[in-house]
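# Residue-level structural notes
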Amino acid sequence: MSTPKESAAQPDPQDIPAADLREEYEDLVERVRAARTAYYQRDAPEISDAEYDALYRRTLQLVEAELGPAPGPYAWVLLGSIARREAGLNPDQDHHLVIADEVHRPYFQTFAPRVEEILVQAGLDACQGGVMASRHTFTLEGYVAQMQEWQSIPDPQALLNVTIFFDPRVVAGELDVRAGRDARLSAGQNPSFMAHLTRLAVSHRPPLGFRQRLRTDADHALDLKTQGLAFIIDL
């Protein structure tokens, strides 16, 4: 999570000339494309979790320079593998946005898609399930209420949302979202909810076949992220 001290050390987006913005944007694109080439073609990951964090922070700053300063504090919250610092396993975009006040929503309805657009152009794929800030922007009050609601409705979609949204990490912004953390932690005091979540976790089956041999796909490949690590994460 970025601290106020770290944020204060960043240059003011309004002080960055337009030519410099374009140059920095092109540099971001080139860096991510190079990292993807290293990952896919040379099997040699180069970009670290810290660099993904820096990519997000700088992209947010570039978009603020385009659109003008945000009208109020916000928190850009990472989800999924980047939030868990597992970025070496080829992450896509998974995130949501928490804003201070509903009156600020019009600004962020433009802000969030623009951030996502730049990240896609840089080579960080959009989440296929649509778990991104442009679709998941909460006020702080709404964020807390949503965390509590998912705990009280043990249906499959609510449980799926829990597995996605309950391991967040704030990467940028000044908004204090500790109330959301407290709402998530309260789940441990809900025996019924924990029982449903446990059943979901143990319902997954590892890709084992005859004599406990690994089952692979037609190309004799095994997705270690979805068929291995995901089971551990859910537990």
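A quick note: this is a predicted structure, and the numbers were derived from the prediction, not measured.

### Some remarks on the overall build of the chain
- Across its full length, the chain holds 10 helices and four strands.
- Along the chain, helices (α) and strands (β) appear in the sequence α-α-α-β-α-β-α-β-α-α-β-α-α-α when read from the amino end.
- In the chain, buried positions account for 40% of the 235 residues.
- Contacts in the chain between residues far apart in sequence, at least 24 positions, make up 74% of those at least 6 positions apart.
- Carbon and sulfur atoms provide 53% of the accessible area of the chain, an area that totals close to 13,000 Å².

### Looking at the pattern of salt bridges
- For the structure shown, the criterion picks out seven salt bridges.
- Between Glu66 and Arg114 there is a salt bridge, with the nearest N and O atoms lying 2.9 Å from each other. In this pair, Glu66 sits in helix H3 (residues 49-67) while Arg114 sits in helix H5 (residues 105-122), placing the two residues 48 residues apart along the sequence.
- Taking the relative accessible area as the measure of exposure, Glu66 reaches 42% and is therefore partly exposed.
- Here Arg178 makes a salt bridge to Asp176, at a shortest N to O gap of 2.5 Å.
- Note on Asp176: relative accessible area 37%, which makes it partly exposed.
- Each member of the salt-bridge network shares a partner with another, and the members are Glu66, Arg114 and Glu117.

### Here's the deal with the side chain of Asp94
- Looking at the secondary structure, you find Asp94 in the loop between helix H4 (80-83) and strand E2 (95-99).
- Taking the relative accessible area as the measure of exposure, Asp94 reaches 14% and is therefore buried.
- Among all residues touching Asp94, those that are not within four sequence positions of it are Tyr56, Val77, Leu78, Leu79, Gly80, Cys127 and Val131.

### Overview of the packing of aromatic side chains
- Scanning the entire structure with this criterion turns up nine aromatic pairs.
- Aromatic side chains Phe108 and Phe111 sit 5.6 Å apart centroid to centroid with 85 degrees between the ring planes, which places their arrangement in the edge-to-face category. One end of the pair, Phe108, and the other, Phe111, are both in helix H5, three residues apart, so they sit about a helical turn from each other.
- One aromatic cluster in this structure is built from Tyr74, Trp76, Tyr107, Phe108 and Phe111.

### Quick look at the packing of H3 against H5
- At a minimum axis distance of 9 Å, the contact between H3 and H5 shows a crossing angle of 130 degrees. Considering their axes alone, H3 and H5 lie oblique with respect to each other. In this structure, the crossing between H3 and H5 has a hand that is right-handed. Across the interface between the two elements, Leu55, Tyr56, Thr59, Leu60, Val63, Glu64, Glu66 and Leu67 of H3 pack against Tyr107, Thr110, Phe111, Arg114, Val115, Ile118 and Leu119 of H5.
- Looking at the contact of H3 with H5 residue by residue, the classes come out as 10 nonpolar, two polar and three charged.

### As for H3
- Taking 1.5 Å as the rise per residue, H3 with 19 residues should run 27 Å; its terminal C-alpha atoms sit 27 Å apart, in good agreement.
- Within the sequence span of H3, burial applies to Tyr52, Asp53, Leu55, Tyr56, Arg58, Thr59, Leu60, Gln61, Leu62, Val63, Glu64 and Ala65.
- One or two steps after H3, the chain reaches Gly68, where phi turns positive at roughly 100 degrees.

### Some remarks on the confidence of the model for the chain
- Residue-level pLDDT values for the chain average 77, and 61% of them are 70 or greater.
- For residues 1-13, every residue scores under 50 in pLDDT, and the model assigns this stretch 16 contacts once sequence neighbours within four places are set aside.

The rules behind the values
Residues numbered from 1 in each chain as written. Predicted model: local features only at pLDDT ≥ 70, side-chain atom pairs only at ≥ 80, totals over all residues. Heavy atoms only, no water. Helix = DSSP H or I, 4+ residues; strand = E, 2+ residues; numbered from the N terminus. Buried < 20%, exposed > 50% of the residue type's maximum accessible area, 1.4 Å probe, protein only. Contact = heavy atoms within 4.5 Å. Areas by Shrake-Rupley, 256 points an atom, 1.4 Å probe, with all protein chains shown as cover. Salt bridge = Lys/Arg side-chain N within 4 Å of Asp/Glu carboxyl O. Phe/Tyr/Trp six-rings, centres within 6.5 Å; stacked < 30°, edge-to-face > 60°. Axes fitted to C-alpha atoms, helices over the stretch in contact; angles between N-to-C directions. Parallel < 35°, antiparallel > 145°, perpendicular 65-115°, else oblique. Left-handed = near helix turned anticlockwise from the far one by under 90°. Nonpolar A, V, L, I, M, F, W, Y, C, P; charged D, E, K, R; others polar. Expected span 1.5 Å × (residues − 1). pLDDT = per-residue confidence, 0-100.

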